[in-house]
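# Structural characterization, general
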Protein chains: 2
Amino acid sequence: MRGRGLVNRLAMIVAAVVLPAPLCAEDGYDLWLRYAPLEGEALARLVRFNPEIRINDHAGYVDPSLEVAAEELARGLGAMVKGAADGKDADGIIELACEGLEGVNSERFVVKPFREHDRFGLRVTGGDYGACVYGAFAILRELSLGADPYTLALDETPAMPLRMLNHWDNPDGHVERGYAGRSIFEWWHLPEKLDPRMIDYARANASIGINAVAVNNVNARAFMLEPRYIAKLARLADAWRPYGIRVFLSARFSAPRDIGGLATADPLDPAVQAWWRAKADEIYAAIPDFGGFLVKANSEGQPGPQDYGRSHADGANMLAAALGERGTVIWRAFVYAVEYGAEDSTDRTMQAYAELVPLDGQFADNVILQVKNGPLDFQPREPFHPLFGAMPQTRLMLEAQITREYLGQATGIAYLAPMWEEVLEAGTGRGGTVAQIIAPVGMAGVANTGSSRNWTGTHFDAANWYAFGRLAWNPALTSEQIAREWTAQTFTRDAAPREAVVHMMLTSRETVVDYTAPLGLAHLMGTGHHYGPAPWVCDLERPEWNPCYYHRADAAGIGFDRTATGSNALAQYTPEIAAQWADPPTIDPRYLLWFHHLPWDHRLTSGRRLWEELVATYDRGVSETEARKQVWAALVPHIDPDRHAAIAADLAIQSTEARWWRNASLAYWQSLNRLPLPDGAAPVPESLAAYQARTFPEAPGQ
Amino acid sequence: MRGRGLVNRLAMIVAAVVLPAPLCAEDGYDLWLRYAPLEGEALARLVRFNPEIRINDHAGYVDPSLEVAAEELARGLGAMVKGAADGKDADGIIELACEGLEGVNSERFVVKPFREHDRFGLRVTGGDYGACVYGAFAILRELSLGADPYTLALDETPAMPLRMLNHWDNPDGHVERGYAGRSIFEWWHLPEKLDPRMIDYARANASIGINAVAVNNVNARAFMLEPRYIAKLARLADAWRPYGIRVFLSARFSAPRDIGGLATADPLDPAVQAWWRAKADEIYAAIPDFGGFLVKANSEGQPGPQDYGRSHADGANMLAAALGERGTVIWRAFVYAVEYGAEDSTDRTMQAYAELVPLDGQFADNVILQVKNGPLDFQPREPFHPLFGAMPQTRLMLEAQITREYLGQATGIAYLAPMWEEVLEAGTGRGGTVAQIIAPVGMAGVANTGSSRNWTGTHFDAANWYAFGRLAWNPALTSEQIAREWTAQTFTRDAAPREAVVHMMLTSRETVVDYTAPLGLAHLMGTGHHYGPAPWVCDLERPEWNPCYYHRADAAGIGFDRTATGSNALAQYTPEIAAQWADPPTIDPRYLLWFHHLPWDHRLTSGRRLWEELVATYDRGVSETEARKQVWAALVPHIDPDRHAAIAADLAIQSTEARWWRNASLAYWQSLNRLPLPDGAAPVPESLAAYQARTFPEAPGQ
């Protein structure tokens, strides 16, 4: 505005009051459920269809799930026609005809056309009432993506029964590894006060098929098992039940001691067993469909059965017996020797396999072992976890991390679906792909929600929540399909800008790998907060907490030898899989330094030396963050100003961080290998000491 | 919906898609700046007025404050006519004609009518550009309250120069004594990313006249003085400058040691002085209008000049010299002996006076002493602080607490304007009322903002933010006027429901006093978190941390003798003031036990015994919380469902808490005095031990 005025005073007219009523701000709160008005042919079709929504009514009983489905359809269709059908009589029909049927997958829904006199209708049927919620959201998604209601036909069954979010939310509101503000759960004022956000949370989850939620951190506080908290949890369970969501609680294994007045939490102690049984009964009295317990035991200082010389199976089975047929124990496979106090010389990535495989067959039927995608800890790239397929008599589910603990936190873009696709598609050599192995069980994602107005800190992080749910529903969906769906619903249906966004998303995780963890490196992040580069850290109490443990770089070379000459972690995979990775000339270079320690001048199949390739990979990461800023800048005409500005800032931050990662890492590697940068590579602008001196006391999520 | 259906299936029609476009949810984010559409005559007048908005343009330069004022007018007027003026030519004019004038109060604005040919206009003039922001918001407020634009004439000057918020926000996002989520300040991503909330925050503040913000906790981290943080703060300062807001920083007194590499922070050490001077220069280079430092020194463990045997004046003056004419040191008067490690037998309420009055006249001109409303610590009721009037050669400002640390936190309603009115109107006997004494300086309020969608945790807490600003602008406004303004802008302009809400607000703080701290009792809250009753606590390290220190109850009586037979805190007031409070028969009973220790059977002027009066006061508190629930329930037709439900839940929680306070307190007093409850009083349902056993590990804000 400045400088556009006339020379004389009183001459600038800013605005006459002929403004339209203000639009609702695009603050991201509505996520992918914005239901932006349709245009053109799609709008005309929907106006013509203009359905009345009918609920199946059984002798006066209307199931709350059907009410939810009808309300969502009314809300979504109303918004998508945005008044264009005002005054027009209802023409079409959407009939929600789900009922409790036996012998079918209760979550399957079918959308079929029907005729009633001269009226056209869509009938939604399903195995249980809740299937109509999925059906309603599917109809809305299809119509939002431009589908013709007159030819719509859907028949969907989720690929796995348990599609779950794990919240690492503490009852005091802090979210461990949370980058989007405080916890969305307001324990303080539950059960009396239910934040409307809890309904919108359930809507978002139901729209992508998530059907289970563990509400609290796996580093659990025992008092959440007390009656005060059971009442709070029951209020959430009641609110979410119509949306098909069952609640789980992370349980602290030592609760019988912490809050139960017992002297022990030994799983073989009858008093301990009785305590848990009574506790389960108490919970089920308040929450008849309580899902069960999620347990992190004997891992990173958490109590567990090994404190009493018992096995993980002993611990899990004791809790499983307390739940009985009513519920499930989800036991985390993320165990390594840190809790023993003594140093374990086993490669950390091998410890879960070593400890758990011998227990195969010992776990009760209602125990699930929850296994991270890779054997280390949610790194930007890891090979699939060798436990998948290695415990055929144990129910395994996948644990993915939606929150980006190691992938930039709430910075820039890192669309994670390609990473999850990578693990889901991985052939284990032991009974199929990971997706096939977990299909009878399910997958869990560590949530990325918080109190941010847009839920996830950055707008793009909502895509990871969305993609997680969609992949759990159907792992055959591609990352690209999911990105396209999400973008169309979140930003714009216009093909050109939509595809530009999709492209940005699809390459974004690889970019983070490039500038933080190229060529199979891992765990080089800053101590504690995991923010920023710190490959030089080598003085932490336990060896496997140190970045130097993982990169093993010195003057001669870099990488972790996990072949037979090293830790032989390869031996935890089948010979066929191991063979893919055993030899530097033939391994997928993306896993090179994960499995091999190589000299800096090792020549790659690309013809480049390892050092040159490393530098080139960092530089590719940096340049792609730069390019993405340009792509986004060009999208100004297509994105609302608030979200455009926020994302532009996110991308600028990411670009700065990429340069920081590249420069700090190279400065450190050079301090070891004394090699000059390859010709043409930009110099490192600061000293290694300067990078090492940076501190971030306000880094979130610890 | 349930049960209303027909017997046969497929018969219930939920909604045909003839819905209007969905309204923006009333989530509270817009605060009192909702600009709800006008109706009736007020709408007709505004449609007729339909002004074009003009900005003064000086030789091509348009001040950003004028842009802000014009944008806000366009937004607010557009929303209030909500399309009713569509297609109509602009008829009236609003002309923003503020300019930089010398010799007048730069914040004063005048709104006057003018004629231009056959057009009617309102001209806003002011002492500086920023005055037009205040003028614009005043016009919007008046029109929103139903004023006729054709007779509008305003001439306002703020009563005091500094109208400030103090945020007790830590850089990691935790808010000390915050009950509305995380900090609104996203230090993590500043300066690159500016949350749009930072603009809405500035709008809200400017609309009520707040012109200064200390962004960080007085328990300060030294690293916020580092260059990284100065850049972050500069981004906020740039964003807020057009709204007339200057930034202040809470400074840790030991920063020269903590981050400066010096061995001392002794204020008389030349190296320390030079360090602060250089630091101030560095800040002013980035933020030319930086307000200055807010300092908590030698208080509750914070470092300060006394660590080096220097006085508060030595410390404050050293910082004042570093700032020079550019800025101000705000030195908190909240000092008591806790930092000495040794026990101080002086009544805690007397220590600030005892320590600071001897320093009167020693503080530099650009030092302000910030004094809490009462001599203890933001209790539900305290007499005014005896420092007011007692340091005539020192600039004193008032520190109030908007966040309800001791008044129920984010529970129910406690409208605090009557409390602040009480202190502002208090005659000190030493140069006028508190309002008169602080008029040349200002007042600060400890903010209650957070990441909650509605900013303040409960919708009603926004009224405290609003009222604080309005009172600082004009302490002559009554609590009732302010409540009426706020309610009309926030909920409804309809007189009957509006007045019902106003009445609820006006009595609400007294209700909290009744059920938590009747008859002048104080500081009986739970240890640490200050949530809930804990009058029995008597084992904390320092005597003045214990509730028992304050109530001094035993078998014989209750209350703190602050007369000449006790601590003689009365002597810190003028003889006339002290005389009001010296004798139990004549003291305002609301201060009775603050100043007197009395036997349980002491007979009050009401005719009741002290014990009977105590019980009756608790019971009045409880019954008023009950009554308020009923009043609110009857307002269903007038309030949007989301906000109505949230407030209904708040009120239900408050009612539960009131009963808890009453019962736990009575159980404890009875354990001492062995007296039965008066006839007709409800029995205490649980044992004292049961109340004492309650714990709240998730209590927020600590």
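The notes below deal with the structure included here. (Residues numbered from 1 in each chain as written. Chains lettered and ligands numbered in written order. Predicted model: local features only at pLDDT ≥ 70, side-chain atom pairs only at ≥ 80, totals over all residues. Heavy atoms only, no water.)

## With respect to the packing of aromatic side chains
Residues and elements named next belong to chain A. Worth spelling out the cut-off: Two aromatic rings, drawn from Phe, Tyr or Trp (for Trp, its six-membered ring), form a pair once their centres lie within 6.5 Å of each other, and the interplanar angle then sorts them: stacked below 30 degrees, edge-to-face above 60, tilted otherwise. The numbering of helices and of strands both runs from the N terminus, where a helix is a DSSP run of H or I of at least 4 residues and a strand a run of E of at least 2. Exposed residues in this analysis have more than 50% of their type's maximum accessible area, buried residues have under 20%, and partly exposed residues fall in between, with area computed by a 1.4 Å probe over protein chains only. Only Lys NZ and Arg CZ are tested; either one counts as a charge over a ring when it is within 6 Å of the ring centre and within 35 degrees of the ring normal.
Using the criterion set out here, one finds 90 aromatic pairs over all chains in the structure. Note on W276 and F293: the rings are 5.5 Å apart at their centroids and 70° apart in plane angle, and the pair reads as edge-to-face. Of this pair, W276 sits in helix α7 (residues 270-286) while F293 sits in strand β10 (residues 292-295), and the two are 17 residues apart along the sequence. By relative accessible area, which is 0% here, F293 ends up buried. Ring pairs connect the aromatic residues Y29, W32, F185, W187, Y201, F223, Y229, W240, W455, W465 and Y466, which therefore count as one cluster. Directly above the ring of F334 sits K372, whose terminal nitrogen or CZ lies 3.3 Å from the centroid.

## Observations regarding the pairing of strand β3 (residues 93-96) of chain B
Residues and elements named next belong to chain B. Note the cut-off: Pairs of strands are assigned from DSSP output, requiring at least two bridges between the strands. For a crossover, the right-handed case is the one in which the path from the first strand over the helix to the second runs clockwise, viewed with the strands pointing away from the viewer.
Residues I93 and E95 line one face of β3 and the alternating positions I94 and L96 line the opposite face, and both faces are buried. When strand β2 (residues 52-55) meets β3, the two strands line up parallel, connected through four bridges. Note on β3: the bridge partner recorded for I53 is I94. Taken together, β2, helix α2 (residues 64-81) and β3 constitute a β-α-β crossover, and its handedness is left-handed.

## A few points about the state of the cysteines
Note on terminology: a disulfide is the covalent bond linking the sulfur atoms of two cysteines. Residues and elements named next belong to chain A. Convention followed: Cysteine sulfur atoms that pair up within 2.5 Å are treated as a disulfide.
This model, assessed by the stated rule, comprises four disulfides over all chains. Shown here is the disulfide that connects C98 with C132, its sulfur atoms set 2.1 Å apart. Taking the torsion about the S-S bond as the criterion, the C98 to C132 disulfide, at about 90°, is right-handed. Separated by 34 residues along the polypeptide, C98 in the loop between β3 (93-96) and β4 (109-116) and C132 in helix α3 (residues 131-144) bring together distant segments of the chain. A relative accessible area of 0% places C98 in the buried class. Residue classification places C132 among the buried residues on the basis of a relative accessible area of 0%.

## Here's the deal with the pairing of strand β9 (residues 246-250) of chain A
Every regular strand shows the same layout, with side chains that alternate between the two sheet faces. Residue and element names in this part refer to chain A. With respect to burial, β9 is a largely interior element, four of its five residues being buried. Strand direction decides the pairing type here: strand β8 (residues 212-214) and β9, joined by three bridges, are parallel. Following the sheet pairing, V213 is matched in β9 by V247. On the question of chirality, the crossover connecting β8 to the parallel β9 by way of helix α5 (residues 227-240) is right-handed. Judged from the three bridges that link them, β9 and β10 form a sheet pairing that is parallel. The partner of F248 across the bridge, within β10, is G292.

## Some thoughts on the sheet that holds β8 of chain A
Residues and elements named next belong to chain A. Definition in use: Throughout, an axis means a line fitted to C-alpha atoms (over the contacting stretch in the case of helices), and angles, computed between N-to-C directions, take values from 0 to 180 degrees.
Strand order around the closed barrel formed by eight strands is β7-β8-β9-β10-β11-β12-β13-β14, with parallel pairing between neighbours. Across the sheet, the axes of successive neighbouring strands diverge by a mean angle of 25°, strand direction being ignored. One ladder, built from five bridges, connects strand β7 (residues 162-166) with strand β14 (residues 442-446); its direction is parallel. Bridge pairing in β14 places L162 opposite G442.

## Things to note about the nonpolar core
This is how it is decided: Within this scheme, the nonpolar core is defined by two criteria: the residues are buried Ala, Val, Leu, Ile, Met, Phe, Trp, Tyr or Cys, and they are joined through side-chain atoms within 4.5 Å. We call two residues in contact whenever any of their non-hydrogen atoms come within 4.5 Å of each other.
With 232 residues, the main nonpolar core has W240, W276, F293 and W669 of chain A as its most contacted residues. Sequence-distant contacts of W276 of chain A, that is, excluding residues within four places in its chain, are made with L225, A251, R252, F253, A255, P256, F293, M318, L319 and A322 of chain A. F120, L140, A333 and A417 of chain B belong to the second-largest nonpolar core, a separate cluster that totals 229 residues.

## Remarks on helix α4 (residues 196-207) of chain B
Residue and element names in this part refer to chain B. Which entries qualify depends on this criterion: By this rule, a helix spans an expected 1.5 Å times one less than how many residues it contains.
An ideal rise of 1.5 Å per residue puts 16 Å on 12 residues; α4 measures up with 17 Å between its terminal C-alpha atoms. Of all the 12 residues making up α4, 10 are buried; the element is thus mostly covered by neighbouring parts of the structure. Within the span of α4, buried status applies to R197, M198, D200, Y201, A202, R203, A204, N205, A206 and S207. Residues of α4 that are buried sit in contact with α2, α3 (129-144), β7 (162-166), β8 (212-214), α5 (227-240) and α12 (461-473). Of the residues trailing α4, G209 is marked for its positive phi of about 90°.

## Topic: unusual backbone geometry
A cis amide bond links L190 of chain A to the next residue, P191 of chain A, at an omega of 0°. Along the chain, P191 of chain A turns up in the loop between β7 and α4 (196-207). Notably, N298 of chain B is not glycine yet its phi reads approximately 45°, a positive angle. With respect to the helices and strands, N298 of chain B occurs in the loop between β10 (292-295) and α8 (312-323). A residue is classified by how much of its surface remains accessible, and N298 of chain B, at 1% relative accessible area, is buried. In this structure, Q409 of chain B takes a positive phi of about 55° despite not being glycine.

## Thoughts on the pattern of salt bridges
A side chain with one charge can pair with a side chain of the opposite charge if their charged atoms come near. Using the following cut-off: One side-chain nitrogen of Lys or Arg within 4 Å of one carboxyl oxygen of Asp or Glu is enough to make a salt bridge.
Tallied over the full model, the rule gives 102 salt bridges over all chains. When the shortest N-O distance is used, the salt bridge between D148 of chain A and R45 of chain A registers 3.9 Å. Highlighted residues: D148 of chain A in the loop between α3 and β6 (154-156) and R45 of chain A in helix α1 (residues 40-49), separated in sequence by 103 residues. Look at R45 of chain A and you get buried, because its relative accessible area is 15%. Among the salt bridges present, the one from R45 of chain B reaches E41 of chain B, with a minimum N-O distance of 3.9 Å. Here R45 of chain B and its partner E41 of chain B are both found in helix α1 (residues 40-49), four residues apart, which amounts to about one turn of the helix. Looking at E41 of chain B, the relative accessible area reads 52%, which means it is exposed.

## With respect to helix α13 (residues 479-490) of chain A
Residue and element names in this part refer to chain A. The end-to-end C-alpha distance of α13 is 16 Å, a good match for the 16 Å that 12 residues give at a rise of 1.5 Å each. Every buried residue of α13 is accounted for by S479, I482, A483, E485, W486, T487, A488, Q489 and T490. Looking at the packing, one finds that the buried side of α13 touches α3, α10 (417-425), α12 (461-473), α14 (495-516) and α19 (641-673).

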